[in-house]
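# What the coordinates show
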Amino acid sequence: MSSFEGKLVHGNGNHNILYEAISLDRFDGDNLKSSLYWLSHAHCDHMKGLESHELTKHLISNPGVKIYCTDITKKLLRHMKGYQHLHRHLVTLLINEPTLVLIPVNDQSQGVCITLTAMSAGHCPGSAMLLIEGADGTVLYTGDFRLDKGAASLLPALHDSFGGVKKVDHLYCDTTFLTRKTMNIVSRAECEEEIVEQVKSHISRGNNYHVVLKTKAKLGYENVYRILYERFRMKTHVRAEDAEVYSGIPEINEIVTLDNRTQVHTCWRSVQGGGLQDKNAAGLVSHGGCDTLNRPGVEVKVIHLSTMWFALTENKHTSVKVDSDTVRCCYSFHSSYSEIEDFIRYINPCYAYPNVLPMDATMEQTQHLLNSFLSKRADDASPELCQTNSWKSVHEIDSWWIAEKRSTNNTGFSSPKKPKLENEDNGSEQSTPTG
């Protein structure tokens with residue numbers, strides 16, 4: 001759960017605010033005075049105030065004020081109840097494409113120029129980190145992210161044309177699992193293979209054998225649906241409201257269905273107080289499952305996808321059998337302690353700050369851990385003391401739902417890109433606001 005309050009506070013005892021006109025993943029309180037917004041992804045803890053009348057009034061009264069996000073996030077919001085009215089106020093950034101943006105100040109004839117670059121965050125469809133470059137220094141805001149060890153070396157926007165790591169002055173980092181209980185989390189690839197085997201062992205017994213994927217978040221499991229479709233040519237049954245959200249994303253829409261005759265379902269969601277004991281057909285239906293799961297003779301297996309249970313119990317397995325028809329599978333959208341450390345040590349920013357309060361920790365303890373990953377402690381560092389890291393080859397790392405083709409030079413890096421103006425016409429809806 002995000003603890004970030006929207007402003008880039010420089011916490012070195014001075015509590016100065018960097019890029020004061022910008023708000024990230026918060027749209028309430030003092031953030032309603034901002035001139036530029038960034039939405040990293042469409043999870044509710046990063047959307048506080050986004051649906052409010054106050055924000056809408058602010059956007060209408062100030063036409064130059066926009067909300068930046070990825071194209072997929074924009075399409076998701078267009079089909080999410082309560083957010084459709086924001087469509088004309090959204091401007092999309094292409095992944096790994098630097099964009100020169102003018103932040104309105106006072107009136108439309110004045111402003112401050114900055115460069116914004118979105119990078120794949122590997123958290124859920126549309127999720128992206130944001131690199132800000134301008135007069136207040138270089139800032140990297142991760143939002144929520146899940147990147148394997150070594151993945152930072154594969155992000156083109158973090159490197160210059162010679163392969164060196166750009167100097168990052170301030171890093172605002174997802175610290176959800178920066179706790180020793182989650183030192184290492186099984187990779188999503190391993191978890192997905194385990195889920196495939198669990199599904200296969202059940203549905204292969206006959207047409208009356210159905211699987212329910214018990215999920216928590218509304219977004220983030222789409223790669224599981226894709227893999228199950230590829231392996232079994234079987235779409236995942238979703239609820240009508242989820243199908244509506246997915247309808248604007250062809251890559252996802254083609255792997256989910258409203259046809260409840262399929263044997264894979266995620267049409268049921270947990271309710272407050274609901275637990276794994278609610279696995280029988282009657283329980284599933286009462287909590288929103290489809291009629292098929294209540295049909296006589298249907299055998300239901302529940303696969304509970306989560307991370308927190310494995311973290312709290314410090315269980316290192318990929319899956320744990322609860323009983324004859326219930327299994328827990330570890331599946332995380334957030335980087336582990338060791339992945340966060342690897343990411344920070346590679347970038348080696350001057351300062352690093354936590355975006356999330358981890359379980360069983362204080363912000364002071366979390367800040368201390370982040371400082372320990374820096375080559376120069378954050379409370380002693382100054383920009384001129386920041387060091388860069390050694391060269392590593394770069395390859396494409398974008399998630400399957402936002403993969404893009406890039407030309408490369410003989411170093412393995414993308415050719416240096418001149419930041420494009422935000423109103424520069426490149427023939428794509430993604431570069432400009434649309435009504």
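This write-up is about the structure you can find in this document. This structure is a prediction, so every number in the text was calculated from the model and none was measured.

### Brief notes about the side chain of Thr 236
Tracing the sequence through the fold places Thr 236 in strand β13 (residues 236–237). A residue is classified by how much of its surface remains accessible, and Thr 236, at 0% relative accessible area, is buried. The residues contacting Thr 236, other than those within four sequence positions of it, are Tyr 225, Leu 228, Ile 255, Val 256, Thr 257, Thr 262, Val 264, His 265 and Thr 266.

### Points about the nonpolar core
In this structure, Leu 50, Ile 67 and Leu 213 are the most contacted members of the largest nonpolar core, which totals 55 residues. Looking at which element gives the most residues to this core, the answer is helix α3 (residues 188–203), with five residues. Sequence-distant contacts of Ile 67, that is, excluding residues within four places in its chain, are made with Phe 27, Tyr 37, Leu 39, Leu 50, Leu 55, Leu 59, His 89, Leu 90 and Val 91. Formed by 28 residues, the second largest nonpolar core is a distinct cluster that contains Leu 147, Val 165, Leu 370 and Phe 373.

### Some details on the packing of α3 against helix α4 (residues 222–232)
It is at 10 Å that the axes of α3 and α4 come closest, and there the two elements cross at 50 degrees. It follows that α3 is oblique to α4 by the angle criterion. Note on packing geometry: the crossing formed by α3 with α4 is right-handed. Counting all contacts with α3, which are made through Glu 192, Glu 193, Ile 195, Val 196, Val 199, Lys 200 and Ile 203, the residues of α4 involved are Asn 223, Val 224, Ile 227, Leu 228, Arg 231 and Phe 232. Taken together, the residues of the contact of α3 with α4 sort by class into eight nonpolar, one polar and four charged.

### Regarding the sheet that holds strand β14 (residues 256–257)
The mixed open sheet is built from seven strands, whose spatial order is β14-β13-β15-β12-β16-β18-β17. The open sheet is flanked by β14 and β17 (319–323), the only strands paired with a single partner. Both strand β16 (residues 299–306) and strand β18 (residues 326–330) contribute to a ladder of five bridges, which runs parallel. Among the inter-strand pairings, His 304 is bridged to a residue of β18, identified as Arg 328. With respect to the sheet, α3 is in contact with β12 (209–214), β15 (264–265), β16, β17 and β18, its orientation differing from that of β16 by roughly 170 degrees. Packed on one face of the sheet, α4 meets β12, β13, β14 and β15 and runs near 160 degrees to β12.

### What to know about the sheet that holds strand β5 (residues 66–69)
The strand order across the open sheet built from four strands is β3-β4-β5-β6, with neighbouring strands paired in parallel fashion. Edge positions in the sheet fall to β3 (22–24) and β6 (90–92), since each of these pairs with one other strand and no more. On average, adjacent strands in this sheet sit at an angle of 25 degrees to one another, irrespective of strand direction. Direction of pairing for β5 relative to β6: parallel, over a ladder of three bridges. Within β6, the residue paired with Tyr 68 across the bridge is Val 91. Helix-sheet contacts for helix α2 (residues 71–78) involve β5 and β6, and the interaxial angle to β6 is about 150 degrees.

### Some thoughts on α3
Taking 1.5 Å per residue as the helical rise, α3 with its 16 residues ought to reach 22 Å, and the 22 Å between its terminal C-alpha atoms agrees with that figure. Taken together, the buried positions of α3 are occupied by Arg 188, Cys 191, Glu 192, Ile 195, Val 196, Gln 198, Val 199, His 202 and Ile 203. End-on view of α3: buried residues confined to an arc of 165 degrees, all on one side of the axis. Opposite its buried face, α3 presents the exposed residues Ala 189 and Glu 190, each directed more than 90 degrees away.

Rules of the game
- Residues numbered from 1 in each chain as written.
- Predicted model: local features only at pLDDT ≥ 70, side-chain atom pairs only at ≥ 80, totals over all residues.
- Heavy atoms only, no water.
- Helix = DSSP H or I, 4+ residues; strand = E, 2+ residues; numbered from the N terminus.
- Buried < 20%, exposed > 50% of the residue type's maximum accessible area, 1.4 Å probe, protein only.
- Contact = heavy atoms within 4.5 Å.
- Core = buried A, V, L, I, M, F, W, Y, C linked by side-chain atoms within 4.5 Å.
- Axes fitted to C-alpha atoms, helices over the stretch in contact; angles between N-to-C directions.
- Parallel < 35°, antiparallel > 145°, perpendicular 65-115°, else oblique.
- Left-handed = near helix turned anticlockwise from the far one by under 90°.
- Nonpolar A, V, L, I, M, F, W, Y, C, P; charged D, E, K, R; others polar.
- Pairing = 2+ DSSP bridges.
- Expected span 1.5 Å × (residues − 1).
- Arc of directions from axis to C-beta.

These figures come from the coordinates and say nothing about function on their own.
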